[in-house]
Amino acid sequence: MAVVVTFNRLILLKECIKALRSQSIAPDSILIINNGSTDGTLDWLGEQKDLEVINQKNCGGSGGFYKGLKLGYEKGFDWVWVMDDDTIVDKYALENLLQTNKIKTDKKIGFISSKILWVDNTPNLPSLPFVDSRLEKNDIPFNYYDDKNSLVIKAGTFLSMLINREAIEKVGLPYKEFFIWWDDIEYSHRIYENNFIGLYSMKSIAFHKTHTNNIENIINADEKGLWKYKYGLRNEMFFYKKRNIKKYLKYWMKNIITMPFYILVHSNKSKFRRIFIVYSAYFSSIFFNPKIIYVNKKVKL
């Protein structure tokens, strides 16, 4: 089952759906989570007879992927293929993801990420996977499956990720409260932490159709997108808080001082707005504590 989360990007959504309909191996079902779009998306989706559509209020990408994975599991699919509406998958993307799933591994495969390129065929920098070159006990090198065009990764993005039903059952669903950013990193890393392996398929190609291919941060981000950092910075800090409280406190105390300083020195516009967002996000991370919702109705604090 393919799941696409969309909000007010009808032109890109049409291109995304066209690519899904053209797959060499068609997904069993295509589910669109429409986050309250107001650009004609609702009407267009109503005319598409081959699509399953869920219309809901804007819950952000996080709320959309939460809903899509939940429904994919409830409908009995073994794998759920998630992506954003600005993801344009290559004709053989799903076929190559399924081919990667045939690799014999010691651990069960929890998720498989596609290779994400920008529109000029260069790697999409903001969506590079998390790879750990350090080896701990019983680990395998990240390039162990290089001869099979795959890498071992710790986390990836929801731009084109195939997720195992068994992983969903074991680790629960993404945090819908994240709203935007870090939901995919946290979720795929959670799968990795629960004794699954994550793979990156170098032959499964998807394109991320964004305006730029830059790694932005709160210091140099465009003013129109600054609101996202209220969520992104908070979610990033929550990620560390849940896994290593000492690292969280160290990171929190360091950045609460250094980030405003760097903003004052290096930002060209909206310096005090950026600083306010940093303080707001970091202090809210102290009290931010969403619960994991499990598909079997368990709730983990």
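First, a word on scope: everything that follows refers to the structure included in this document. All figures in this text were calculated on a predicted structure; none of them were measured in a lab.

Structural notes on the overall build of the chain
For step 1, the next point in the chain: Looking only at helices and strands, one finds nine helices and 11 strands in the chain.
For step 2, the next point in the chain: Computed over C-alpha atoms, the radius of gyration of the chain comes to 19 Å, within 12% of the 19 Å expected from 2.2 N^0.38 for 301 residues, which places it in the range of a compact globule.
For step 3, the next point in the chain: Contacts in the chain between residues far apart in sequence, at least 24 positions, make up 77% of those at least 6 positions apart.
For step 4, the next point in the chain: In the chain, which carries 44 positive and 32 negative side-chain charges, the distance between the mean positions of the two groups comes to 6 Å.

Overview of helix α1 (residues 10-21)
For step 1, the next point in the chain: Over its 12 residues, α1 runs 16 Å from end to end, which matches the ideal 16 Å to within 8%, given 1.5 Å per residue.
For step 2, the next point in the chain: Taken together, the buried positions of α1 are occupied by L10, L12, L13, C16, I17, A19 and L20.
For step 3, the next point in the chain: The inward-facing, buried residues of α1 abut β1 (2-6), β2 (30-35), α2 (41-46), β4 (79-84) and β5 (87-89).

Focus: the environment of S201
For step 1, the next point in the chain: Examined against the element boundaries, S201 turns out to sit in strand β9 (residues 197-208).
For step 2, the next point in the chain: Residue S201 is classed as buried on the basis of its relative accessible area of 1%.
For step 3, the next point in the chain: Along the sequence, S201 and L151 sit 50 residues apart, while their C-alpha atoms lie 6.9 Å from each other.
For step 4, the next point in the chain: When near neighbours in sequence (up to four residues on either side) are disregarded, S201 contacts N96, L97, T100, I112, S113, S114, K115, N149 and S150.
For step 5, the next point in the chain: A polar atom in the side chain of S201 sits 3.1 Å from the side chain of T100.

Some words on the environment of N149
For step 1, the next point in the chain: Its location among the elements puts N149 in the loop between β6 (109-117) and β7 (150-153).
For step 2, the next point in the chain: Taking relative accessible area as the criterion, N149 reaches 34% and is therefore assigned partly exposed.
For step 3, the next point in the chain: Sequence separation between N149 and T100 is 49 residues; the distance between their C-alpha atoms is 8.1 Å.
For step 4, the next point in the chain: Ignoring sequence-local partners within four residues, the contact set of N149 consists of Y200, S201, M202 and K203.

Observations regarding unusual backbone geometry
For step 1, the next point in the chain: The residue W181 is not glycine, and still its phi comes out positive at about 75°.
For step 2, the next point in the chain: We classify W181 as partly exposed; its relative accessible area is 32%.
For step 3, the next point in the chain: Despite not being glycine, N195 shows a phi value in the positive range, around 70°.
For step 4, the next point in the chain: Along the chain, N195 falls in the loop between α6 (183-193) and β9.

Here's the deal with empty space enclosed by the protein
For step 1, the next point in the chain: Counting across every chain of the model gives one cavity of 30 Å³ or more.
For step 2, the next point in the chain: Of the pockets and cavities examined, the largest cavity occupies roughly 40 Å³.
For step 3, the next point in the chain: If you go around the largest cavity, the residues you meet are S113, S114, I116, S127, P129, G156, T157, S160 and Y200.

The rules we used
- Residues numbered from 1 in each chain as written.
- Predicted model: local features only at pLDDT ≥ 70, side-chain atom pairs only at ≥ 80, totals over all residues.
- Heavy atoms only, no water.
- Helix = DSSP H or I, 4+ residues; strand = E, 2+ residues; numbered from the N terminus.
- Rg over C-alpha atoms; globule rule 2.2 N^0.38 Å.
- Contact = heavy atoms within 4.5 Å.
- Lys, Arg positive; Asp, Glu negative; His and termini not counted.
- Charge placed at Lys NZ, Arg CZ, Asp CG, Glu CD.
- Expected span 1.5 Å × (residues − 1).
- Buried < 20%, exposed > 50% of the residue type's maximum accessible area, 1.4 Å probe, protein only.
- Polar contact = N/O pair within 3.5 Å; in protein donor to acceptor, adjacent residues only side chain to side chain.
- 1 Å grid on protein atoms, 1.4 Å probe; cavity = no way out; pocket = protein on both sides within 12 Å on 5 of 7 lines; lining within 4 Å.
- Points joined across faces, edges and corners; volume = space filled by probe spheres on them.

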